[in-house]
Amino acid sequence: MEISALTRSVVKHNHAIIAPDGYINSNVPGWTGCTVNVIINEQMGARLAQTLITLRDGGELLGQTQAAQIFFYVVEGQLQASIDGQEKTLTKGEYVYVPVEKSYRFHGPTEGTQVLTFHKVYEPLPGYETPGVLFGARDIAKAPIYMNDEALRIQELLPNELGFDMAVNIFTYDLGGHLPMVETHIMEHGLMYLEGQAIYVLDQQWYPVKKGDSIWMAPYCQQWATTMGKEPSVYIYYKNVNRFPTVL
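Residues numbered from 1 in each chain as written. Predicted model: local features only at pLDDT ≥ 70, side-chain atom pairs only at ≥ 80, totals over all residues. Heavy atoms only, no water.

S.K.: Hey, could you go over the overall build of the protein chain for me, with residue numbers and the actual values?
M.R.: A count of helices and strands for the protein chain gives 0 helices and 20 strands. In terms of overall dimensions, the protein chain has C-alpha extents of about 55 × 45 × 40 Å along its principal axes. Counting over 248 residues, the protein chain shows a buried share of 49%. Long-range pairs, those at least 24 residues apart, make up 69% of the contacts in the protein chain with a sequence separation of at least 6. Total accessible area computed for the protein chain in this model is approximately 12,400 Å², and 52% of it derives from carbon and sulfur atoms. (Helix = DSSP H or I, 4+ residues; strand = E, 2+ residues; numbered from the N terminus. Buried < 20%, exposed > 50% of the residue type's maximum accessible area, 1.4 Å probe, protein only. Contact = heavy atoms within 4.5 Å. Areas by Shrake-Rupley, 256 points an atom, 1.4 Å probe, with all protein chains shown as cover.)

S.K.: Before we move on, can you summarise the packing of aromatic side chains with the specific residues and values?
M.R.: Per the counting criterion, the structure on display carries 16 aromatic pairs. Consider the rings of Phe72 and Tyr104, whose centres lie 5.3 Å apart with planes at 55 degrees: the pair is tilted. Within this pair, whereas Phe72 is found in strand 5 (residues 68–76), its partner Tyr104 is found in strand 9 (residues 103–107), the two being separated by 32 residues in sequence. Of the two residues, Phe72 and Tyr104, both sit in the buried class. Put simply, the rings of Tyr146, Phe171, Tyr173, Tyr193, Tyr200, Tyr235 and Tyr237 touch in pairs and so form one group of aromatic residues. (Phe/Tyr/Trp six-rings, centres within 6.5 Å; stacked < 30°, edge-to-face > 60°.)

S.K.: Pulling in residues and values, what's your account of the sheet that holds strand 15 (residues 189–195)?
M.R.: Across the sheet, which stays open at both edges, the 8 strands sit in the order 1-2-18-15-20-14-13-12 with antiparallel pairing between neighbours. Across the chains shown, the open sheet's two edge strands, defined by having one partner strand only, are strand 1 (10–11) and strand 12 (145–146). Of the pairings in the sheet, the one linking strand 2 (residues 15–18) to strand 18 (residues 214–217) comprises 4 bridges and is antiparallel in character. Each bridged residue has a counterpart across the sheet, and for Ala16 the counterpart in strand 18 is Trp216. (Pairing = 2+ DSSP bridges.)

S.K.: Now, about the environment of Ala143: what can you tell me, with residues and values included?
M.R.: Within the secondary structure, Ala143 is located in the loop between strand 11 (134–137) and strand 12. We classify Ala143 as buried; its relative accessible area is 10%. Expressed as a C-alpha distance, the spacing of Ala143 and Ile170, which sit 27 residues apart in the sequence, is 8.2 Å. Beyond its immediate stretch of four places on either side in the chain, Ala143 contacts Arg153, Ile154 and Gln155.

S.K.: Explain the pattern of salt bridges to me, and be specific about the residues and the numbers.
M.R.: Tallying each qualifying case throughout the model produces 8 salt bridges. The partner of Arg105 in a salt bridge is Glu60, with the nearest N and O atoms 2.5 Å apart. Linking Arg105 in strand 9 with Glu60 in strand 4 (residues 49–64), this pair joins segments that are 45 residues apart in sequence. Look at Arg105 and you get partly exposed, because its relative accessible area is 34%. A single salt-bridge network, built from bridges that share partners, covers Lys120, Glu123 and Asp165. (Salt bridge = Lys/Arg side-chain N within 4 Å of Asp/Glu carboxyl O.)

S.K.: So what's going on with the layout of surface pockets? Which residues, and what values?
M.R.: Over the atoms, a rolled probe matching the size of one water molecule traces out where space is still vacant. Considered as a void within the structure, the largest pocket measures approximately 950 Å³ in volume. Around the largest pocket, the lining comprises 35 residues; the ones closest to its centre are Arg47, Leu48, Lys120, Val121 and Tyr238. Residue assignment for the lining of the largest pocket shows that the elements contributing at least two residues are strand 3 (31–40), strand 4, strand 5, strand 10 (113–121) and strand 20 (233–240). For the lining of the largest pocket, the domains that each give at least three residues are domain 1 (24–137) and domain 2 (140–240). If you add up the space inside the second largest pocket, you get close to 360 Å³. Around the second largest pocket, the lining comprises 26 residues; the ones closest to its centre are Glu156, Ala167, Asn169, Tyr237 and Lys239. (1 Å grid on protein atoms, 1.4 Å probe; cavity = no way out; pocket = protein on both sides within 12 Å on 5 of 7 lines; lining within 4 Å. Points joined across faces, edges and corners; volume = space filled by probe spheres on them. Domains from an automatic or database assignment.)

S.K.: So what's going on with empty space enclosed by the protein? Which residues, and what values?
M.R.: Within the structure shown, the criterion is met by 1 cavity of 30 Å³ or more. Volume-wise, the largest cavity comes out at about 30 Å³.

S.K.: Would you mind going over the UniProt feature "domain: Cupin type-2" (unreviewed entry) in the protein chain in detail, with residue names and values included?
M.R.: Look at the UniProt record and you will see "domain: Cupin type-2" (unreviewed entry) annotated at residues 68–112. For residues 68–112, the end-to-end C-alpha separation is 26 Å, with 0% helix and 69% strand making up the annotated structure. (UniProt positions renumbered as here; feature names shortened; annotations may be inferred.)

Dropping the structure here:
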């Protein structure tokens with residue numbers, strides 16, 4: 001018998017581990033025939049939002065971006081995307097970036113299709129155009145070795161250009177892979193494990209994590225990770241980039 005008072009989820013002032021065992025469903029206007037779990041947002045002190053959507057047969061995501069851009073990534077299954085006049089079938093590992101002030105519709109999902117989203121309020125940069133709609137796919141061949149360690153590979157899913165103020169990457173840790181230092185930096189992260197299991201160190205605290213878990217890291221939350229188990233660990237993550245560090 002499960003003990004309902006136990007969970008691996010932890011929420012602190014500068015980081016959080018969100019495991020699926022604690023999900024409570026939310027309703028989002030225009031998103032129908034689906035289960036929505038808001039994993040990260042400003043209520044916990046974050047400056048991004050991250051959701052996980054599980055669609056039923058006939059489910060639909062209909063809306064329009066306003067101040068925030070949205071990155072949609074298909075974790076499982078398949079569905080149709082209609083974005084600003086562009087039509088495309090998205091399957092597992094494929095994604096679309098939807099900039100501000102664009103209409104979107106996702107429809108025709110297979111039962112149980114899961115979509116992960118990252119949302120960030122867009123900060124225009126004088127002299128640079130707002131990015132357009134961008135489709136892409138996970139591809140290990142596009143994931144170069146990270147910091148000369150063949151056990152670590154990162155694929156950048158969005159162009160590394162100044163018009164973008166957010167990055168979304170997929171980080172793969174082969175067996176024995178670990179970050180080469182404890183990172184301390186201004187960027188904020190939201191992430192979800194797509195494969196495997198690992199140990200993640202956040203603010204000097206050690207956490208076991210696995211496929212399906214999500215993590216929030218505030219700016220300057222110290223972080224380190226290593227893969228664990230008998231298969232690679234892989235996560236997709238967001239970070240804010242390319243803007244001057246302002247004082248609010």
